[in-house]
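Summary of the model geometry
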Amino acid sequence: MDWNAMAAPWLRVEAETDAAHAPLRDALMRRAALAPGQHVLDIGPGAGISLLDASRAVGPTGRVTGIEIAPPFAERARARVPGNVDVIIGDAAAYPFPPAGFDAAISLLGVMFFADPVQAFANIRTACKPGTALTFACWGPPDANPWFSMPARIAAGVLGKGAPFDPDAPGPMALADPAKIDRILSAAGWSAEIATEDMLLTPLGTPDEVSALQLTIGAATRRMRDAEEEGVLTDAHKEAIRSGLVDGFAGMLTDGAVRVPARIHIVHATA
C-alpha cells in the first residue's frame, strides 16, 4: 500500500471531512461516555479529530492512545493533539498491545477495513480491561447513505457500472449489516448493543464546494480513477459527473446549507 498516495487527498480535505462527520462524532462521544482520568484506545483515528474529542473528555488526568496504520495520518494527528495523547503506527488487528491496559476504546469510522475482523476485534479485546466498553460508529447500508450512493450512481450513469459491490470486502460499508456486526463481535468475545441512528451530515460550503470534496475523495472519484486507468475518461465525462453532483447536493439544501441524510450504526460492546 502506498500510504502517501492514499492519505494525500484526505489530508487536503481534512477540515471539510471533520465538519461533515461532526454529527457522527457527537453521537459516538455521547454513547462512549468517556470519563475524566480514563486511558482510552482510539482505533484508526486518521488525521486525529476523534483524538481531540477523546482528549477533552478524559481531561488532563486521562490519556488517549491512537493506533493508526497509515503513517501520513499518524504524522498529522501527532501535530494537532495535546500532550495527553499518544499516536502509534500499527495495525490494530495484530499490534502487540500490553494486556488489559485500557479503560475504554472508541473508533470513528475506523474499524470497517480489517481483512479478518474477528481476529482484529479479538486482539483489541486483549488490550482492554475486563468489562471495558468499545464504542464505534460505522456506516449503515449504501442505499440509506447518499454521501456514497449518490456520487456512485452519477458516476455509473456517465461511465457505466464499475466493479460490483462486495459487502464482505474491507471498506466503508463492510459493517453495514447489524446482524453481521453482532456475529463478528460475538465471535471475538464482545457482547454488543447496536443503535442505528438517522442523522444529517454537515459538510461545509455550497453544492459546488461539497461536489469538489466528493471529487477529491468520494465514490465518483474512485470510478473516475478506474476509467482513467482504462484510458476511457474524458473531460466531458468529468464535467458531466461534476454537474450531476452539484445538482444532487443542491437538492439537499436546508436553510442554505447542504445537509446529507445518513444512517449510522453506533455500536457499544462490552469485553
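A short tour of the structure in this document, coming up. (Residues numbered from 1 in each chain as written. Predicted model: local features only at pLDDT ≥ 70, side-chain atom pairs only at ≥ 80, totals over all residues. Heavy atoms only, no water.)

1. Quick notes on the pairing of strand β1 (residues 39-43)
Summarising burial for β1: four of the five residues are buried, a large majority. Bridge analysis of β1 against strand β2 (residues 63-68) gives five bridges, and the strand direction is parallel. Paired with V40 across the two strands is V64, which belongs to β2. Handedness of the crossover joining β1 and β2 through helix α4 (residues 49-58): right-handed. In this structure, β1 lies alongside strand β4 (residues 102-108), joined through three bridges in parallel fashion. By the bridge assignment for β4, L41 is matched with A105. (Buried < 20%, exposed > 50% of the residue type's maximum accessible area, 1.4 Å probe, protein only. Helix = DSSP H or I, 4+ residues; strand = E, 2+ residues; numbered from the N terminus. Pairing = 2+ DSSP bridges. Right-handed = clockwise from strand over helix to strand, strands pointing away.)

2. A word on the side chain of N123
Position of N123 relative to the elements: it lies in helix α6 (residues 117-126). The contact partners of N123, leaving out residues within four places of it in the chain, are A92, A93, A94, Y95 and F97. (Contact = heavy atoms within 4.5 Å.)

3. Focus: the packing of helix α9 (residues 207-217) against helix α10 (residues 219-229)
Where α9 contacts α10, the axes come no closer than 5 Å and their chain directions differ by 50 degrees. The orientation of α9 with respect to α10, classified from their angle, is oblique. As α9 runs across α10, the sense of the crossing is right-handed. Where α9 abuts α10, its residues Q214, L215, T216 and I217 lie against A219, T221, R222 and M224. (Axes fitted to C-alpha atoms, helices over the stretch in contact; angles between N-to-C directions. Parallel < 35°, antiparallel > 145°, perpendicular 65-115°, else oblique. Left-handed = near helix turned anticlockwise from the far one by under 90°.)

4. Concerning the nonpolar core
Of all hydrophobic cores here, the largest spans 79 residues; its most connected members are F121, F136, W139 and W147. Not counting chain neighbours up to four residues away, the residues in contact with F136 comprise L28, S107, V111, F121, L175, I181, L185, H265, I266 and V267. (Core = buried A, V, L, I, M, F, W, Y, C linked by side-chain atoms within 4.5 Å.)

5. A few points about the packing of aromatic side chains
Going through the model one piece at a time under the given rule, you end up with six aromatic pairs. Joined through ring pairs, the aromatic side chains of Y95, F97 and F102 make up one cluster. (Phe/Tyr/Trp six-rings, centres within 6.5 Å; stacked < 30°, edge-to-face > 60°.)

6. Re the environment of M150
Within the secondary structure layout, M150 lies in helix α7 (residues 146-159). By relative accessible area, which is 4% here, M150 ends up buried. In this structure the C-alpha to C-alpha distance between M150 and G248, which are 98 residues apart in sequence, comes to 7.4 Å.

All quantities given are derived from atomic positions and should not be read as evidence of function.
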